[in-house]
Amino acid sequence: MEGMERRDFLVGAGLLAVAPTASSAAQGLDWGAVRREFRLDPALTNMGLFYLASNPREVRDAVAEFQRRLDANSHDLMPEEAQKVAEALGQYVGGAADDIAFVPNTTMGLSIVYGGLKLRADQELLLNDQDHAWHQQAARLAAGRVGAKVRVGTLYENPAKATEDEIATRLRNSITPRTRAVGITWVQSSTGLRMPVRACAAVVAEANRGRKEEDRCLLVVDGVHGLAAVDDDAARLGADVFVAGTHKWLFGPRGTGMVWVNPEVGDEITPMLPSLSDRSTTALLGPGGFHAFEQYFAVAAAVRFHQRLGRTRVAARIAELSGRFAAGLAEISGVVVHTPRALSAGLVCFDVPGSTGPEVVRRLADKKIQITTASYRIPYARAGTSILNTPEEVDRAVREISALAR
Ligand SMILES: Cc1ncc(COP(=O)(O)O)c(C=O)c1O
């Protein structure tokens, strides 16, 4: 049986099985075969798969193989594998291997970036109220060390009605000559809103006109819910720094992440910790000491898996399912969807009348449906549509939410 599934998955152009009737941009893949590569709980409709990745067989096998080699001789630290991971990630985000540092997760990456940023007491870091609490805290800890300030703005009035124009205008009005970095989130885990990063980058570029290098405002993107969920090159969005855990949508091993730094601003960030790698200026940002190398090295397998699936098809499938979910919710009387359709990716945040977000999570858990809520000021109910979900699961979740709303 196992062998059958494996073969199914690999037929076609040496890649994946072809689904004969699919009609969207997500066509050409047998999503059922893709799902069978994962060890999901078959009894659960899991719409929280973005939280901490389940790993496909290929990644699990890679971890096991690197572990075997380290067990055989831990002096063999396989530096060539680190290079392969940097190359794989660089290629995936549309950047260079030298501009990638390895970090254990998004939080550490952001902390290292803000902590290492050359920041003066008369400068500030500008974030917004929808950035993740750990992103905000990373900025506060860094600013606190040098006596600088963190200012937290608001980039839209109402997420459901937010537009690119509104966000760009508010950002433009918030940046001052003292703003040393702007932090934003590619796909917000509070609202599901997908930030128009390019529009934000244009605003930051405009603010930088005529500034000296030491005053230059950097755009820092927490990209964890965009990487492998949005079909775009993270290194070409116009940001100066892109940070993301590779242990969410990319299906990388747990405890892995990346930082990409625009080489033009590499000198503006100094390492916070000793590094294991002197591969490049940016690689020095990656914290040193020995690591769970079998996890790090297997990130390359996660990238390969996604490249075979194709980023366009992956993003299209995620959007198809999230669109289906949001449309289903919109039909339910009283349910409010907070994620704007035109600015969205794989997360959908919503409210059910008469229940708090955590109550919705609990009541759906009773029906063997896993969703989540985030610990923001308003903890909306939140579901994510992964390529591992099916249209039937999405419909089932909608039906159960409809029953809750009655
Ligand atoms: C937007 C956002 N940023 C950062 C994090 C923290 O991610 P990590 O566990 O990779 O540090 C999360 C957590 O899920 C998140 O939703």
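Since we're looking at a predicted model, the values are computed, not measured.

**A closer look at the site of the ligand**
Looking at the ligand, the residues that line it are N105, T106, T107, H132, W134, T185, S189, D222, V224, H225, H247 and K248. Within the side chain of H247, a nitrogen or oxygen atom sits 2.9 Å from an oxygen atom of the ligand. Within the side chain of K248, a nitrogen or oxygen atom sits 2.8 Å from an oxygen atom of the ligand. Isolated, the ligand exposes 390 Å² of accessible area, and the fraction of that covered by the protein chains is 90%. Taking a 2 Å distance to the grid points as the criterion, the majority of the atoms of the ligand fall inside the largest pocket.

**Re the packing of helix α7 (residues 164-174) against helix α8 (residues 197-208)**
For the pair α7 and α8, the least separation of the axes is 9 Å and the interaxial angle reads 25°. Of the possible angle classes, the one that applies to α7 and α8 is roughly parallel. Handedness of the α7/α8 crossing: right-handed. Residue-level inspection shows E164, I167, A168, L171 and R172 of α7 in contact with α8, the latter providing A199, C200, V203 and E206. Here the contact of α7 with α8 is composed, by residue class, of 6 nonpolar, no polar and 3 charged.

**Some remarks on the sheet that holds strand β12 (residues 372-373)**
A sheet is described by the order of its strands in space; here 4 strands give the open sequence β9-β10-β13-β12, paired in antiparallel fashion. Because the sheet does not close on itself, it has two edges, and the strands there are β9 (336-337) and β12. The sheet contact formed by β9 and strand β10 (residues 347-351) spans 2 bridges and is antiparallel. Bridge pairing in β10 places V336 opposite D351.

**Remarks on the pairing of strand β8 (residues 257-261)**
Where a strand is regular, its side chains alternate between the two sheet faces. Most of β8 is tucked away: 5 of the 5 residues are buried. Residues G257, V259 and V261 line one face of β8 and the alternating positions M258 and W260 line the opposite face, and both faces are buried.

**Remarks on the layout of surface pockets**
The volume enclosed by the largest pocket comes to roughly 540 Å³. In this structure, the largest pocket is lined by 24 residues; those nearest its centre are Y51, H132, W134, H225 and K248. By residue class, the composition of the lining of the largest pocket is 10 nonpolar, 11 polar and 3 charged. Lining the second largest pocket are 18 residues, with A82, F102, L276, S277 and F293 sitting closest to its centre. Classifying every residue of the lining of the second largest pocket by side-chain character gives 12 nonpolar, 4 polar and 2 charged.

**Quick look at the packing of aromatic side chains**
Applying the stated rule across the entire model yields 10 aromatic pairs. Centre to centre, the rings of F38 and F251 are 4.8 Å apart; their planes meet at 65°, and the pair counts as edge-to-face. With F38 in the loop between α2 (31-35) and β1 (45-46) and F251 in the loop between β7 (241-245) and β8, the pair connects residues that are 213 residues apart, well separated along the chain. According to the relative accessible area criterion, F38 is buried, its value standing at 6%. On the numbers, 5.6 Å between centres and 80° between planes, the contact of W186 with F242 is edge-to-face. You can see W186 sitting in the loop between β5 (179-185) and α8 and its partner F242 sitting in strand β7, a full 56 residues away along the chain. Across from the ring centre of F102, 5.3 Å away, lies the NZ or CZ of R279, which sits over that ring.

**Section: empty space enclosed by the protein**
With a probe scaled to a water molecule rolled over the atoms, the places where space remains empty come into view. Within the structure shown, the criterion is met by 3 cavities of 30 Å³ or more. When its volume is computed, the largest cavity comes out at roughly 40 Å³. Forming the walls of the largest cavity are L126, L127, N128, G153, L155, L171, S174, V182, G183 and I184. Listing elements by their share of the lining of the largest cavity, those giving two or more residues are β3 (124-128), α7 and β5. Split by residue class, the lining of the largest cavity holds 6 nonpolar, 4 polar and no charged.

**A closer look at the sheet that holds strand β6 (residues 218-222)**
Taken in spatial order, the 7 strands make up an open sheet running β2-β8-β7-β6-β5-β3-β4, and their pairing is mixed. On the outer flanks of this sheet lie β2 (100-103) and β4 (149-153), each paired with one strand and no other. Looking at each pair of strands side by side, their axes are set apart by 20° on average, direction ignored. Note: β3 against β5, 3 bridges, orientation parallel. Looking across to β5, one finds that L125 is bridged to A181. Across the sheet, helix α4 (residues 79-93) is in contact with β2 and β8; its angle to β2 comes to roughly 115°.

**So, the confidence of the model for the protein chain**
In the predicted model, the protein chain carries a mean pLDDT of 93, and 94% of its residues have values of at least 70. Predicted confidence is poor over residues 1-15, with pLDDT under 50, and the contacts of this stretch with residues over four places away or in other chains come to 21 contacts.

**Quick word on the environment of A205**
Along the polypeptide, A205 turns up in helix α8. It is 28 Å that separates the C-alpha atoms of A205 and E87, two residues lying 118 residues apart in sequence.

**Here we look at the nonpolar core**
L89, I167, V182, I184, L219, F242 and I387 are the most contacted members of the largest nonpolar core, which has 80 residues in total. Those residues within four positions of I184 in sequence are excluded, and the remaining contacts are N128, D131, H135, L155, M195, V197, C200, L219, V220, V221 and D222. Grouped together as the second largest cluster of nonpolar side chains are 25 residues, L110, A139, A148 and V261 included.

**Topic: a nonpolar patch on the surface**
Together, M108, M272 and L273 make up a nonpolar patch on the protein surface, roughly 230 Å² of accessible area in all. Following the sequence through the fold, M272 ends up in the loop between β8 and α9 (293-297). Here M272 falls in the partly exposed class, since its relative accessible area comes to 37%.

Each value, and the rule that gives it
- Residues numbered from 1 in each chain as written.
- Predicted model: local features only at pLDDT ≥ 70, side-chain atom pairs only at ≥ 80, totals over all residues.
- Heavy atoms only, no water.
- Near = heavy atom within 4 Å.
- Polar contact = N/O pair within 3.5 Å; in protein donor to acceptor, adjacent residues only side chain to side chain.
- Areas by Shrake-Rupley, 256 points an atom, 1.4 Å probe, with all protein chains shown as cover.
- 1 Å grid on protein atoms, 1.4 Å probe; cavity = no way out; pocket = protein on both sides within 12 Å on 5 of 7 lines; lining within 4 Å.
- Sits in = over half its atoms within 2 Å of the grid points.
- Axes fitted to C-alpha atoms, helices over the stretch in contact; angles between N-to-C directions.
- Helix = DSSP H or I, 4+ residues; strand = E, 2+ residues; numbered from the N terminus.
- Parallel < 35°, antiparallel > 145°, perpendicular 65-115°, else oblique.
- Left-handed = near helix turned anticlockwise from the far one by under 90°.
- Contact = heavy atoms within 4.5 Å.
- Nonpolar A, V, L, I, M, F, W, Y, C, P; charged D, E, K, R; others polar.
- Pairing = 2+ DSSP bridges.
- Buried < 20%, exposed > 50% of the residue type's maximum accessible area, 1.4 Å probe, protein only.
- Points joined across faces, edges and corners; volume = space filled by probe spheres on them.
- Phe/Tyr/Trp six-rings, centres within 6.5 Å; stacked < 30°, edge-to-face > 60°.
- Lys NZ or Arg CZ within 6 Å of the ring centre and 35° of its normal.
- pLDDT = per-residue confidence, 0-100.
- Core = buried A, V, L, I, M, F, W, Y, C linked by side-chain atoms within 4.5 Å.
- Patch = residues over 30% accessible without salt bridge, like charges linked within 9 Å, V, L, I, M, F, W, Y side chains within 5 Å.
- Salt bridge = Lys/Arg side-chain N within 4 Å of Asp/Glu carboxyl O.

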